[in-house]
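Examination of the molecular architecture
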Number of protein chains: 2
Amino acid sequence: MMQTLTVGLSDRSYPIHIGTGLLSNAALLAASIPRKRVAIVTNTTIAPLYLSQLQATLREIGVQSVEIILPDGEVYKTGETLNLIYDGLLTHRCERTTPLIALGGGVIGDMTGFAAASFLRGVPFIQIPTTLLSQVDSSVGGKTGINHPLGKNMIGAFYQPKLVLADISTLNTLSDKELSAGLAEVIKYGLIRDLPFLEWLERNIEKLLARDTEALQYAVMRSCQNKAEVVAADERESGERALLNLGHTFGHAIESGMGYGNWLHGEGVAAGTMMAADLSQRMGWISTDDVLRIRDLFLRANLPVVSPDLGIDRYLDYMGLDKKVEGGKLRFVLLKQVGVAALVSDVPLALLQQTLVACCSKGGPGTNWLHEDK
Amino acid sequence: MMQTLTVGLSDRSYPIHIGTGLLSNAALLAASIPRKRVAIVTNTTIAPLYLSQLQATLREIGVQSVEIILPDGEVYKTGETLNLIYDGLLTHRCERTTPLIALGGGVIGDMTGFAAASFLRGVPFIQIPTTLLSQVDSSVGGKTGINHPLGKNMIGAFYQPKLVLADISTLNTLSDKELSAGLAEVIKYGLIRDLPFLEWLERNIEKLLARDTEALQYAVMRSCQNKAEVVAADERESGERALLNLGHTFGHAIESGMGYGNWLHGEGVAAGTMMAADLSQRMGWISTDDVLRIRDLFLRANLPVVSPDLGIDRYLDYMGLDKKVEGGKLRFVLLKQVGVAALVSDVPLALLQQTLVACCSKGGPGTNWLHEDK
């Protein structure tokens, strides 16, 4: 069974198809490929698994494909790797009308999207996400980019794809660790704006970990629905879209501080969300029980809830460079209640410091929160 | 006297102010700088001439400026130099609301514009062009980008500035060679869509070369008027905007073939426009007298009319990589008559080869055209 959503952005609206076996569905691709040539960007992990299947489907509709195979990992989300894409496109004489297909996870999608945004000042772009994290988050909404040694996703563009194909079948080859990392973003939607979905996740998290196809498809569909609604309302993140960054200011600091690629993005988001929850509780909005409820779900999803001890100064430094800085003030996405997020720009530094101490200490945040609350 | 035009792009419309002494006009800048900080990107040639003047004007309105000073020249329009801009912005902790000001010629404007398009997925951007070429062409219309070893402007974005300040006074420090290079693009507007302006140029070219302020301001204003009309009608070059590329397919081949920076862009455009004129005549649209009329104006403007002998194969190769390729066919902007350009996609290869031979031979195109026409 296939489900289709639409990201509503007037003349740049596009469909998200979610289902099993979509990599073999020639008709879905044919609708978005006007000419007889595409460039597929993928990596050394995904190419042996799915490249020939996609190429065979393209041949059915008479489309030749150029392939550009990159090294795998967040550590390669750099300007140098981006140049490998440009080199491949130019060497193969790709043109303004040649679509780029991103076949892979979030790193491939983000880099290919930025290459599409900037090659010849913009070429068409198709997302075929093969990880849970990219299916539920990064492939939808048009955020593209690369990292800079001084910060994550510092260079990029808002550039929407023409089509997103989320083939649930590809999740069968995902490692358990990456499946869990994807669940961090799934849980996020429940926390920030969809309490019924959070409750569904609390009932079904083990099914998702066991890769029950129906449960996975439901979770991907419901996540994309949430994302599409937010993106349609605020494409360029001038308001509501910022709420999708729950846990990301802290999470990016963790990823940067630990060296890109040592923590998966979803792992950083999980630990970062715990920090946001802790800070929300210190602001007096959610209860300690709420914090423990969130912690419990992350733990059941095999996600980290204790942050690495980078030291307060390094956290502040990494967060100071974050894109969510405005007029020198740190802005945080916090939880007003479980299921309702808000953007807050007047967090007292003292509370932030308490959160940084509590969430990074060796005993783990659970014990420390409880201790410090008294 | 100052004149103001508007580039009409609905919510992204912006003003172009043209006049003398604008670098000292604090009110003009104040309207486009919402906060107390900007980053000025300029080069080692322009910084000693105009940077302190601009910074003093900004201080009048309480705006602090970070400066990023790049090496000067087309040869530095690369990914490496772009990284110097990113590094500077991150080191100085520039934010989403910090405008970038491009102070310099086309290379500075194009690179700064692409940095603004891609830093933090887009920050505000102000153009202060200090060369004739950038005042009449590259600062208006939002084409930004860098070169790639395999082709000019291959990486970039359409990204509109918030404001263009064309200060005619800055043209006094321009070399004669660069003034002439700018005139190539000025003459282009007459050739493609404004015959009365071409006739004005034929009467006033010597005044422009003598840097008569009134004549220069008129030429910049009229050029920007033409550019603004075309950009408003076709921002992303799906149709009419392509006509602005008269001479550019050939010109880019010349620039690439000779090594970036050895021919100024305007020089390549002049020689390239002669090739387009020659080809237009071979297609039977304009007369040999028309070709000689165009040649005469370029010669009076001290611009090259004979193209370098790269050899036919290298020309075809460089042109094959050009962005104006569509479905494997070479498209050319040619002249249907003097003052009227058209996009042509069915040029016989034999005629193109004749043009390449005629325009590159040692005797110069004038003699050869006449010879081959018989």
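Position numbers for residues start from 1 in each chain and track the written sequence from start to end. Think of it this way: whatever chain is written first is A, whatever ligand is written first is 1, and the rest follow in order. With pLDDT at 70 or above as the cut-off, local features in this predicted model cover only qualifying residues; side-chain atom pairs require 80 or more to be listed or tallied, and sums for whole chains, interfaces and linings still use all residues. Water and hydrogen atoms play no part in the side-chain values, which are based on all heavy atoms of the structure.

**Some thoughts on the interface of chain B and chain A**
Only heavy atoms matter for contacts: two residues are in contact if any of them lie within 4.5 Å across the pair. In this assembly, 35 residues from chain B lie in contact with 35 residues from chain A. When two parts are brought into contact, each loses some accessible area as probed by a 1.4 Å sphere; the total of that loss over both is the buried area. Approximately 3,300 Å² of surface area, both sides summed, lies buried where chain B meets chain A, with 52% of it carried by carbon and sulfur atoms. Salt bridges are identified by distance alone: a Lys or Arg side-chain nitrogen within 4 Å of an Asp or Glu carboxyl oxygen. Joining chain B to chain A, the criterion identifies four salt bridges. Note that Arg93(B) and Asp317(A) form a salt bridge whose closest N and O atoms lie 2.6 Å from each other. Side-chain atoms alone can form a polar contact between residues adjacent in sequence; in general such a contact is a pair of N or O atoms within 3.5 Å, and within protein one must be able to donate a hydrogen while the other accepts it. On inspection of chain B and its partner chain A, the count reaches 10 residue pairs in polar contact (both at pLDDT 80 or more).

**Describing the pairing of strand E9 (residues 163-167) of chain A**
All names here are of chain A. Using a 1.4 Å probe on the protein chains alone, a residue whose accessible area is under 20% of its type maximum counts as buried, one over 50% counts as exposed, and one in between counts as partly exposed. A run of H or I in DSSP counts as a helix once it spans at least four residues, and a run of E counts as a strand once it spans at least two, with each numbered from the N terminus. Where burial is concerned, most of E9 is hidden: five out of the five residues are buried. Neither face of E9 is exposed, since Leu163, Leu165 and Asp167 on one face and Val164 and Ala166 on the opposite face are all buried. A strand pair is defined by DSSP finding two or more bridges across the two strands. As paired elements, strand E2 (residues 14-19) and E9 share four bridges and run parallel to each other. Following the sheet pairing, Ile18 is matched in E9 by Ala166. Where strand E6 (residues 125-129) and E9 come together, two bridges link them in parallel fashion.

**Section: the sheet that holds E6(A)**
Residues and elements named next belong to chain A. Taken in spatial order, the seven strands make up an open sheet running E1-E2-E9-E6-E5-E3-E4, and their pairing is mixed. Only two strands of the sheet have a single neighbouring strand rather than two, namely strand E1 (2-7) and strand E4 (64-70). On average, each strand axis in the sheet is inclined to that of its neighbour by 20°, with strand direction left out of account. Relative to E2, E1 runs antiparallel, the two sharing six bridges. Its bridge partner being in E2, Thr4 is matched across the sheet by His17. Where helix H2 (residues 47-60) meets the sheet, it contacts strand E3 (37-43), E4, strand E5 (100-104) and E6, and its direction lies at approximately 170° from that of E3. Along the sheet, helix H3 (residues 79-91) makes contact with E3, E4 and E5, crossing E4 at roughly 155°. Angles run from 0 to 180 degrees between N-to-C directions of axes, and those axes are lines fitted to C-alpha atoms, restricted for helices to the stretch in contact.

**Let's talk about the packing of helix H6 (residues 176-193) of chain B against helix H8 (residues 213-233) of chain B**
All names here are of chain B. Their axes nearest at 10 Å, the elements H6 and H8 cross at an angle of 50°. As far as their axial angle goes, H8 and H6 are oblique. For the pair H6 and H8, the crossing hand works out as left-handed. In this structure, H6 contributes Leu179, Val186, Tyr189 and Arg193 to the contact, and H8 contributes Leu216, Ala219, Ser223, Asn226, Lys227, Glu229 and Val230. Of the residues assigned to the contact of H6 with H8, the class counts are six nonpolar, two polar and three charged. Here is the rule for angles: anything less than 35 degrees is roughly parallel, anything more than 145 is roughly antiparallel, 65 through 115 is roughly perpendicular, and the remaining ranges are oblique. Should the near helix be turned anticlockwise from the far one by less than a right angle, the crossing is left-handed, and should it be turned clockwise, the crossing is right-handed. Ten residue types, Ala, Val, Leu, Ile, Met, Phe, Trp, Tyr, Cys and Pro, are classed as nonpolar, four, Asp, Glu, Lys and Arg, as charged, and the remainder, Gly among them, as polar.

**So, the domain arrangement of chain A**
Many analyses report the size of an interface as the accessible area lost when the parts associate. All names here are of chain A. Domain segmentation is taken from an automatic or database assignment of domains. Looking at the assigned domains, one finds that chain A contains domain 1 (2-173) and domain 2 (176-373). For domain 1 versus domain 2, the distance between C-alpha centres works out to 27 Å. In this complex, domain 1 contributes 38 residues to the contact, which on the side of domain 2 involves 38 residues. A buried area of about 3,200 Å², summed over both sides, lies between domain 1 and domain 2, and 64% of it is on carbon and sulfur atoms.

**Brief notes about the packing of helix H7 (residues 195-209) of chain A against helix H11 (residues 288-300) of chain A**
All names here are of chain A. Relative to each other, H7 and H11 sit at 30°, their axes nearing to 10 Å. The orientation of H7 with respect to H11, classified from their angle, is roughly parallel. In terms of crossing hand, the pair formed by H7 and H11 is left-handed. Here Leu195, Leu198, Glu199, Leu201, Glu202, Ile205, Glu206 and Leu209 of H7 come into contact with H11, specifically with Arg293, Leu297 and Arg300.

**Some details on the relation of the copies chain B and chain A**
Only residues with pLDDT of at least 70 in both copies contribute their C-alpha atoms to the least-squares superposition of the copies. Of the transformation superimposing chain B on chain A, the axial component is 0.0 Å and the angular component is 180°, with the fit at an RMSD of 0.0 Å. Expressed as a symmetry operation, the mapping of one chain copy onto the other fits a two-fold axis. Of all interface residues in chain B, 100% are interface residues in chain A too; the two copies therefore contact each other through one and the same surface.

**Regarding the packing of aromatic side chains**
Residues and elements named next belong to chain B. Here is the rule: rings of Phe, Tyr and Trp (six-membered ring for Trp) pair when centre to centre is within 6.5 Å. Planes less than 30 degrees apart are stacked, more than 60 are edge-to-face, and the remainder are tilted. Taken as a whole and judged by the stated rule, the model has nine aromatic pairs over all chains. Here the aromatic rings of Phe197 and Trp200 are separated by 6.0 Å at their centres, their planes lie at 25°, and the arrangement is stacked. With Phe197 and Trp200 both in helix H7 (residues 195-209), this residue pair falls three residues apart, about one helical turn. Measuring from ring centre to ring centre gives 5.1 Å for Phe250 and Phe332, while their planes differ by 25°; the resulting arrangement is stacked.

**Examining helix H13 (residues 349-360) of chain A**
The periodicity of an α-helix, 3.6 residues per turn, causes residues three or four positions apart to be oriented the same way. What a helix should span is 1.5 Å times the count of its residues minus one. Here H13(A) contains 12 residues, and its C-alpha end-to-end distance of 17 Å stays within 8% of the 16 Å for a straight helix at 1.5 Å per residue. Among the residues of H13(A), those classed as buried are Leu351(A), Leu352(A), Thr355(A), Leu356(A), Ala358(A), Cys359(A) and Cys360(A).

**Concerning the UniProt feature "binding site: Zn(2+)" (unreviewed entry) in chain A**
All names here are of chain A. Following the UniProt record, the feature "binding site: Zn(2+)" (unreviewed entry) maps to Glu185, His248 and His265 here. Taken along the chain, the residues just named run across 81 residues; in space they keep tight, none of their C-alpha pairs more than 10.2 Å apart. Residue placement: Glu185 occurs in helix H6 (residues 176-193). Judged by relative accessible area, Glu185 falls into the buried class, the value being 0%. Apart from residues lying up to four places away in sequence, Glu185 is in contact with Leu133, Val136, Asp137, His248, His265 and Val269. With respect to the element layout, His248 can be found in helix H9 (residues 248-258). Every residue in contact with His248, bar those within four places of it in the chain, is listed here: Glu185, Lys188, His265 and Val269. UniProt positions are given in the numbering used here, feature names are shortened, and annotations may be inferred rather than shown by experiment.

**Focus: the confidence of the model for chain A**
In this model, chain A carries an average pLDDT of 92, and 94% of its residues clear a pLDDT of 70 or more. Contacts for the low-pLDDT stretch residues 367-374 of chain A, under 50 throughout, to residues beyond four places or in other chains number 19 contacts. Looking at any residue, its pLDDT shows the predictor's confidence there, from 0 to 100.

**Describing the side chain of Lys143(B)**
Relative to the helices and strands, Lys143(B) resides in strand E7 (residues 143-148). At 2.4 Å, the side chain of Lys143(B) forms a polar contact with the side chain of Glu237(B). Setting aside chain neighbours within four positions, we find Lys143(B) in contact with Arg121(A), Asp110(B), Ser138(B), Ala157(B), Phe158(B), Glu237(B), Arg241(B) and Asn245(B).

**Observations concerning the sheet that holds strand E9 (residues 163-167) of chain B**
Residues and elements named next belong to chain B. With respect to topology, seven strands assemble into an open sheet ordered E1-E2-E9-E6-E5-E3-E4, the strand pairing being mixed. Whereas interior strands pair on both sides, the edge strands pair on one side only; in this sheet they are strand E1 (2-7) and strand E4 (64-70). Each strand of the sheet is rotated relative to its neighbour by a mean of 20°, with strand direction disregarded. Where helix H2 (residues 47-60) meets the sheet, its contacts fall on strand E3 (37-43), E4, strand E5 (100-104) and strand E6 (125-129), and the angle it forms with E3 comes to roughly 170°. Along the sheet, H8 makes contact with E1, strand E2 (14-19) and E9, crossing E1 at roughly 10°.

**Comments concerning the pattern of salt bridges**
According to the stated counting rule, one finds 34 salt bridges over all chains in the structure shown. The residue Lys227(A) makes a salt bridge to Asp137(A) at a minimum N-O spacing of 2.6 Å. In this pair, Lys227(A) is assigned in helix H8 (residues 213-233) and Asp137(A) in helix H5 (residues 132-138), connecting sequence segments 90 residues apart. Of the charged contacts, one joins Arg193(B) and Glu240(B) as a salt bridge, the two residues approaching to 3.5 Å between their closest N and O atoms. Here Arg193(B), found in helix H6, pairs with Glu240(B), found in the loop between H8 and helix H9 (248-257); they are 47 residues apart in sequence, far enough to count as distant. Given a relative accessible area of 28%, Arg193(B) falls into the partly exposed group. Within this structure, Glu74(A), Lys152(A) and Glu255(A) form a network of salt bridges that share partners.

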